[in-house]
Amino acid sequence: MDAILRKIKSGYSKKDAMIIERAYLLSEKAHTGQLRESGEPYITHPSNVAEILFELGLDTATIAAGYLHDVVEDTGIEIEEVEEQFGSEIAMLVNGVTKISKIEISSHEERQAENLRKMLLAMAEDIRVILIKLADRLHNMRTLKYRSHQSQLAVSQETIEIYAPLAHRLGIFKIKWELEDLAFYYLYPDEYSDLAKKVSMRRQEREDIIESKIEKIRNEMKSHNIKGTIDGRPKHFYSIYNKMNSQDKPFEQIFDLTAIRLVVEDIRACYTILGIVHTIWTPMPGRFKDYIAMPKPNLYQSIHTTLMGEHGIPFEVQIRTREMHRTAEYGIAAHWKYKENEKTSTELDSKLVWLRQILEWQNETNDAKEFMNTIKLDLFSDEVFVFTPKGDVINLVVGASTLDFAYRIHSGVGNMCVGAKVNEKMVPLNTELKTGDIVSIITSKTGKPSRDWLKIVKSSHARNKIRAYFKKEGKEENLEKGKHMLEESVKRHNVSLADLLQKEWVEKYCNKNTFKNLEDVYAAIGYGGLATGQVLTFLMNEYRASHKVVDEEEIIVKKVKKESNTSNGVLVKGEKNMLVRFAQCCHPVQGDQIKGYITRGRGVSIHRSDCYNVKNIPQDDPRFIDVTWEGTQVGRYNARLSIIIADTPGLIVQISNAIQSLGVDLIKFNATVTSDHVAKVELKVRINDTVQLENLISKIRSIDGCVDIYRRTS
């Protein structure tokens, strides 16, 4: 530990070194007598955390906080004492890390979500807090072998789901790769061992091949008087494992296990050497990425190109400047705003737009599971880079649609979106965007979001903006709808809503989930921000505890009574002639995937499996019952369609002819036209089954100018 301290102190001024040493001495004293699970003195942990932070090139306050990060949580020292001895800046960092750790929540999912929330809030106050937490997690992963097997799995899973992607988002690949490989070792030990053996067996052969290529490039660099370094960087095990899975290839078919990395003096040299390697070897189509011209949001810049080598074996070349290389290794720490002569605070903050976005998201959901899914899906996804018509670069998550793009431009553009063009061609709103696409959005003053858009968008940013629209624009409507939805859910439990809305229970729920009052709860349910099942589960638990209800099965109807011949082609538990009704919220049609739900006095309500209301009910609710179509068409069903189509002469006639030609009854027709001559048509039709519906959709889609047609689900 003394050696680590000497190493750290050597990198700072005498004054700063004294602060770091005092932090070490206080930590050593505070942790005296405490041991890690390895049996080592506890001081080994904060010392190693401080060393990791030192290697990242961080400032004095962060190093000192690294030494002190556990003293408030694990010893008798108070945060006031830290502030008295080291000042408010170091105390704030220590307190930020401590707040993350002090979590007492029942479920693992809620605990993990709350942990992440606290990290995001701490990051907003000072990004150094999360850098200390990452260093803390890295050392814990390095010493994970001393923990129980169950603990190893839990910590590794959290590391690979949260901490490694977070390091990626901050651009700290040096930490990201090590976290991933360590977690991979514990989560998939057999796969790790097998991969390690295979990589080792082919290492010499691979290194010989790469070295011959490096020698060719080195000679060309000399002849062009380009200064720089060149080496072969082996891919990390977890990266290879992911590539094998994503491409469904065995190890023997993964050729680019080593990338050649060139670090040169300036950007001009980057593009010169790119031209040289493209002259020596043939570049593979679609495998060139210029992150210098279009940097990643985590500050990463480099040119990546994949070339076809001898014997048809591809290999990757990465080209960057020295400054870019430092950023690639240390990410945000390489641009530290607290160090002198570095990037200004404003410049660095502009690179952290994503952090402000996720701080918005974390305030817009009270559901732990939804929050975790939001973060994992959106924050930690790979990105695509597309252009506005003016040439501005917009980064989006992989799989993002034109609607995601619209909301990324501005929530107003998204809300009024009625159509989109990609590379000057009209496309459906659910079109998946690819890097390099030029996207323009068609808007209308009368345009407004549809709840079906929630199924189209991929980014949480867009999803939350759509929900915010419904929350703001229809507050009274949302309140009434939410109250009605909760009342309907309560009926299924044979309890009145009044029985459940006891003042103390409602206040307890609101306080726990940051709602002001019951009306806010109703409104959240109404606009789709809160599932009725979440509220009902809480209130029913309070009710059962108060009334000592042991088994809800006692108040659940075990079998639907045979009332009349009203099955409409639906079998309930394999039986005909059961009392059923088709839900008006989703209009199921024969051939749809369906779910049955037992209602009070109205038999079984038949919903489409993707119905919004069905998804809001806990899937283990005992009132769900097996239902299937009888197999023969015995009725006609209502269905609703939305069409985005170019407004051309005779448009209504063409749509009407398509409907009549298939023997479909038209119940309702409504159309609006934008200033860009794009029509949005809403249809309600009566059909026999999904086959007839698909034929109708296909026929309308074949009309010239049809951009999109989809079946509405609400």
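Basis of the calculations
- Residues numbered from 1 in each chain as written.
- Predicted model: local features only at pLDDT ≥ 70, side-chain atom pairs only at ≥ 80, totals over all residues.
- Heavy atoms only, no water.
- Salt bridge = Lys/Arg side-chain N within 4 Å of Asp/Glu carboxyl O.
- Helix = DSSP H or I, 4+ residues; strand = E, 2+ residues; numbered from the N terminus.
- Buried < 20%, exposed > 50% of the residue type's maximum accessible area, 1.4 Å probe, protein only.
- Phe/Tyr/Trp six-rings, centres within 6.5 Å; stacked < 30°, edge-to-face > 60°.
- Lys NZ or Arg CZ within 6 Å of the ring centre and 35° of its normal.
- Pairing = 2+ DSSP bridges.
- Axes fitted to C-alpha atoms, helices over the stretch in contact; angles between N-to-C directions.
- Contact = heavy atoms within 4.5 Å.

Re the pattern of salt bridges
Tallied over the entire structure, the rule returns 17 salt bridges. Between Lys9 and Glu21 there is a salt bridge whose closest N-O contact spans 3.0 Å. Taken together, the residues Lys9 in helix 1 (residues 2-9) and Glu21 in helix 2 (residues 14-30) connect sequence positions 12 residues apart. Its relative accessible area of 24% is what places Lys9 among the partly exposed residues. Residue classification places Glu21 among the partly exposed residues on the basis of a relative accessible area of 28%. Note that Glu265 is salt-bridged to Arg322, the shortest N-O span being 2.9 Å. Within this pair, whereas Glu265 is found in the loop between strand 2 (258-264) and helix 15 (267-280), its partner Arg322 is found in helix 16 (residues 322-330), the two being separated by 57 residues in sequence. Taken together, the salt bridges that share partners define one network made up of Lys7, Glu51 and Glu55.

What about unusual backbone geometry?
Both trends apply: most residues other than glycine have a negative phi, and most peptide bonds are in trans. The residue Asn225 is not glycine, and still its phi comes out positive at about 55°. Note on placement: Asn225 falls in the loop between helix 13 (203-223) and strand 1 (228-234). Even without being a glycine, Asn423 presents a positive backbone phi close to 55°. By secondary structure assignment, the location of Asn423 is in the loop between strand 8 (417-422) and strand 9 (425-427). The exposure class of Asn423 is partly exposed, given its relative accessible area of 42%.

Quick word on the packing of aromatic side chains
Taken as a whole, this structure holds 20 aromatic pairs when the rule is applied. Arranged with centres 5.9 Å apart and planes meeting at 70°, the rings of Tyr291 and Tyr300 form a pair that is edge-to-face. Here Tyr291 and Tyr300 have matching classes, each one buried. Ring centres 6.5 Å apart and planes at 75° place the aromatic pair Tyr407 and Trp453 in the edge-to-face group. In this pair, Tyr407 sits in helix 20 (residues 402-409) while Trp453 sits in the loop between strand 10 (439-443) and helix 22 (460-473), placing the two residues 46 residues apart along the sequence. Sitting over the ring of Phe315, Lys213 keeps its end group 4.9 Å from the ring centre. Here the guanidinium or amino end of Lys595 rests over the ring plane of Phe624, the centre of that ring lying 4.5 Å away.

Things to note about the environment of Gly57
For Gly57, the position within the fold is in the loop between helix 3 (44-55) and helix 4 (60-68). Gly57 sits in the buried class, given a relative accessible area of 17%. Separated by 46 residues in sequence, Gly57 and Gly11 place their C-alpha atoms 9.1 Å apart.

Regarding the sheet that holds strand 5 (residues 314-321)
Strand order in the open sheet formed by 5 strands is 1-2-5-4-3, with mixed pairing between adjacent strands. If you trace the sheet from one side to the other, it starts and ends with strand 1 and strand 3 (282-290), each paired once. Sheet twist, expressed as the mean angle between neighbouring strand axes with direction ignored, is 20°. Note: strand 1 against strand 2, 7 bridges, orientation antiparallel. Across the sheet, Gly232 pairs through a bridge with Ile260, a residue of strand 2. The strands touched by helix 15 are strand 2, strand 3, strand 4 (303-308) and strand 5; relative to strand 4, the strand with the most contacts, the crossing angle is about 10°.

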